[in-house]
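Commentary on secondary and tertiary structure
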Amino acid sequence: MDRKIFDYSELLNFPTNATIGSATISPISNIKGPFTCYFFQANPTYTSIASIALGTVVAYRQGETVKYKFYGWRLRSTGTADLVRTEEIEKGELPYHYSDEIPDWDNRSLL
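Residues numbered from 1 in each chain as written. Predicted model: local features only at pLDDT ≥ 70, side-chain atom pairs only at ≥ 80, totals over all residues. Heavy atoms only, no water.

1. As for the side chain of Arg85
Put simply, the test is: Runs of H or I in DSSP of at least four residues are treated as helices and runs of E of at least two as strands, each being numbered from the N terminus. Burial classes: relative accessible area under 20% of the type maximum marks a residue as buried, over 50% as exposed, and values in between as partly exposed (1.4 Å probe, protein chains only). Distance and chemistry together define a polar contact, namely a pair of N or O atoms within 3.5 Å, with one atom able to donate a hydrogen and the other to accept it when in protein, and with adjacent residues in sequence counting only for side-chain atoms on both sides.
Looking at the element boundaries, Arg85 is found in strand β6 (residues 83-88). Look at Arg85 and you get buried, because its relative accessible area is 14%. In terms of polar contacts, Arg85 uses its side chain to reach the side chain of Glu87, at 2.8 Å.

What follows is the structure, given as structure tokens:
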């Protein structure tokens with residue numbers, strides 16, 4: 001599982017947890033790749049408690065045998081309030097990893 005650290009201040013540009021944002025560039029500096037679009041949501045909590053869920057980022061690129069291939073990352077606290085960790089979500093945990101359409105996320109949650 002790929003884990004990277006970024007500055008907490010990057011989360012302050014995310015919409016509130018009830019809203020899913022989207023962009024053609026990554027909202028987090030250490031999530032990069034050949035992605036077409038990013039979807040993200042967060043509940044930024046400035047905390048020094050480790051492993052608190054702070055948000056989610058999902059990105060897609062064009063698939064070879066299906067229209068879209070999705071990837072996801074969980075955003076978690078590190079135990080140092082100014083630092084946040086990204087954890088890549090295993091493909092098997094992402095219900096729409098391979099998809100012919102973009103999920104509608106009616107439940108207002110990316111996962």
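From this point on, the discussion continues.
2. Concerning the nonpolar core
Definition in use: Among buried residues, those of type Ala, Val, Leu, Ile, Met, Phe, Trp, Tyr and Cys that are joined through side-chain atoms within 4.5 Å constitute a nonpolar core. Only heavy atoms matter for contacts: two residues are in contact if any of them lie within 4.5 Å across the pair.
Within the largest apolar cluster, 17 residues are counted, with the highest numbers of intra-cluster contacts made by Leu11, Phe14, Val57 and Leu75. Those elements giving two or more residues to this core turn out to be β3 (37-42), β4 (50-62) and β5 (68-78). Ignoring sequence-local partners within four residues, the contact set of Val57 consists of Phe14, Pro27, Ile28, Ile31, Tyr38, Phe39, Phe40, Tyr71, Gly72, Trp73 and Leu75. If you look at the next biggest cluster of nonpolar residues, it comprises ten residues, including Tyr60, Phe70, Tyr96 and Leu110.

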